[in-house]
Amino acid sequence: AREEEEKKEGLIEFYDSFKDMFEFFCKNTTIHGTIRLVCSDSNRMKTAFWTLLLLASFGMLYWQFALMFSQYWAYPAVLTMSMHSEPKMFPAITICNLDPYRFELVSDHLVQLDQMAEESIAFLYGINTSASLFHVNEKNIQAKDLSSSGNLSRSSFKLSQNFSLLRMPDHNNRSGKKYSKVGFKLCNATGGNCFYKTYSSGMDALLEWYRFHYMNIMSQLPVVINISDHEEQIEDMVYSCQYDGEPCRRSDYVHFHHPVFGSCYTFNSKGTDSFWTATKPGIPYGLSLILRAEQKDHIPLLATVAGVKVMIHNHNQTPFLEHEGFDVRPGIATTIGIQQDEVNRLGGNYGTCTANGNDVNVTLLYNNSYTLQACLHSCFQHIMVRKCGCGYYYYPLPPGAEYCDYNKHPAWGHCFYQLYSRLRNHHLNCFDQCPKPCRESLYKVSAGTAKWPSVKSQDWVRQALRHQNGYNSTSNRKDIAKVTIFYQQLNYKSVNESPLLSVNLLLSSMGSQWSLWFGSSVLSVVEMFELLIDMLVLSLLFCYQRVRSKKTLKVARAAAIPS
């Protein structure tokens, strides 16, 4: 009984030696293979073999652990796709009539610009264009309360003649044919470092030259113009509007003016009204519009297309029609089917994205929600104001800045085109400062077209529009268009990023490797920690005994010396 009591295991084992402790561990541990070190102690070859085998297993185990942790700290992500089917909100739809306002304040300058364009076309191509082509006699919009601005005098601005269009030989042409480029010259503030903004197409060069002067003219207007008293009614552009078979309401759209695309309306801009909830797919349950698409008021060198500009986008999002919109032809019925995809990015260590733009270093100049395009435009405008001293007319201004005008900033064109070239080539840091949204909706579009109204139906269609909307035209289908936008399916695809190796998966993989090489579990790891603690305690006890024995020996020697 006394021997059995001595063999019982204590809380901390006080072994006589490290050999006894190691033998006890190998005989009682759940780690496979360790008992072979004790059972084979009489055969040194087997002992050496199993020792090498255990050490090799430990090496392979921790090598696998190193690979797992290196993969985990690389933060890889995997894409998972899932399909959902449920009623959802109809997207926001923006339409523009491609007829920008001609404000009375700058109407004389626009007439002068049209005359300069006529002269440039005659110089380049020998074509005498009619003055009526450039709308000298169209109606102008008179903005309210502009007389109080002292810096808006009609005589304060003058069109510059220093940016004439020129035809230059193309020295890079190797085909042997006589080609030439068309462009205009831009220089810095001192008249040096000049370059030519050239295009292989004379049409593209003329359009860019016209837009360049147009921006300088429009910069004379105040930043905020109250056009509510002078804006056209939506009935002047939208003859008919129906959604899901119900007529649209006045609260369903908001109006704004674009300097190039003219008067614009956005339907379902907020996405909060249950009226716009899509419950069924198909053409009858979409948005159907009959639109005016007249060409008589267009500025031909500002927009060469005729029709209506349309863009499908998310709610509370600024529509960038010059980048993402598409055109609807007059005299055509266009059906546009849309399919929605949702993208969810992880962000953090797995990638760069932003939830709402609050963590982005760029101050957004748009009042709507964050988008990559809004961030890039804001970033470029901030750099433009800092480098060139003024802002680009098509983008909002930061506080305290003013729009570029070559009467005040003669070299802004030289500065702008160089900066914009760097932005396109990703040499500015805007793409680094502007991450993608962590969550966004993308719309795939498929379109079909047909002549509308048909030859046999156009008479009664015109009569119906004339009685209901005061429509009056004899242009044979060339001034109206029909567009229908609908969900092809209510199913939408969700693309989600998820960690390839999460913490749970990492622990599971580590456990699998531990079981593979040693056939043990987490309790075996506890046993190893217990062994380490026992080794530490035993080492401290041996050190204490050694120190104590030295002191006892010194006392004994001192007692042996006679007095």
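Not measured: the values here are computed from a predicted model.

1. Points about the packing of helix H6 (residues 202-218) against helix H9 (residues 412-424)
Piece 1. In contact at an axis separation of 12 Å, H6 and H9 are set at 120° when each is read in the N-to-C sense. Put simply, H6 runs oblique to H9. In this structure, the crossing between H6 and H9 has a hand that is right-handed. Within the contact between the two elements, H6 uses Glu208, Phe212, Met215 and Asn216 and H9 uses Trp412, Gly413 and Tyr417.
Piece 2. Per-class residue counts for the contact of H6 with H9 are four nonpolar, two polar and one charged.

2. What about the UniProt feature "transmembrane region" (unreviewed entry) in the chain?
Piece 1. Summarizing the sequence annotation, UniProt attributes the feature "transmembrane region" (unreviewed entry) to residues 52-75 in the numbering used throughout.
Piece 2. As annotated, residues 52-75 comprises 92% helix and 0% strand, and the C-alpha atoms at either end are separated by 35 Å.

3. Quick word on the sheet that holds strand E4 (residues 166-169)
Piece 1. Strand order across the open sheet formed by three strands is E4-E5-E6, with antiparallel pairing between neighbours. Sheet topology places E4 and strand E6 (195-199) at the edges, where each strand pairs with a single neighbour. Across the sheet, the mean angle separating the axes of adjacent strands is 50° when strand polarity is ignored.
Piece 2. Pairing geometry for E4 and strand E5 (residues 180-186), over four bridges, is antiparallel.

4. Overview of the packing of aromatic side chains
Piece 1. All told, the structure shown has 32 aromatic pairs when counted by the stated rule.
Piece 2. Here Phe184 and Phe212 contribute two aromatic rings whose centre-to-centre distance is 5.8 Å and whose plane-to-plane angle is 25°, an arrangement assigned as stacked. Separated by 28 residues along the polypeptide, Phe184 in strand E5 and Phe212 in helix H6 bring together distant segments of the chain. Comparing Phe184 with Phe212 shows no difference in burial state: the two are buried.
Piece 3. Seen from the ring of Phe275, Arg249 lies directly overhead, with NZ or CZ sitting 4.2 Å from the centre.

5. Some thoughts on the sheet that holds strand E13 (residues 308-313)
Piece 1. The strand order across the open sheet built from five strands is E9-E10-E3-E13-E14, with neighbouring strands paired in antiparallel fashion. Each edge of the sheet is formed by a strand with only one pairing partner; in this case those strands are strand E9 (253-258) and strand E14 (326-328). Sheet twist, expressed as the average angle between the axes of neighbouring strands with direction ignored, equals 25°.
Piece 2. Both E13 and E14 contribute to a ladder of three bridges, which runs antiparallel.

6. Examining the state of the cysteines
Piece 1. Counting across every chain of the model gives eight disulfides.
Piece 2. Two residues share a disulfide in this structure: Cys187 and Cys194, whose sulfurs sit 1.9 Å from each other. Sign of the S-S torsion, about 110° for the bond between Cys187 and Cys194, identifies this disulfide as right-handed.
Piece 3. A relative accessible area of 31% places Cys194 in the partly exposed class.

Rules used throughout
- Residues numbered from 1 in each chain as written.
- Predicted model: local features only at pLDDT ≥ 70, side-chain atom pairs only at ≥ 80, totals over all residues.
- Heavy atoms only, no water.
- Axes fitted to C-alpha atoms, helices over the stretch in contact; angles between N-to-C directions.
- Helix = DSSP H or I, 4+ residues; strand = E, 2+ residues; numbered from the N terminus.
- Parallel < 35°, antiparallel > 145°, perpendicular 65-115°, else oblique.
- Left-handed = near helix turned anticlockwise from the far one by under 90°.
- Contact = heavy atoms within 4.5 Å.
- Nonpolar A, V, L, I, M, F, W, Y, C, P; charged D, E, K, R; others polar.
- UniProt positions renumbered as here; feature names shortened; annotations may be inferred.
- Pairing = 2+ DSSP bridges.
- Phe/Tyr/Trp six-rings, centres within 6.5 Å; stacked < 30°, edge-to-face > 60°.
- Buried < 20%, exposed > 50% of the residue type's maximum accessible area, 1.4 Å probe, protein only.
- Lys NZ or Arg CZ within 6 Å of the ring centre and 35° of its normal.
- Disulfide = S-S within 2.5 Å.

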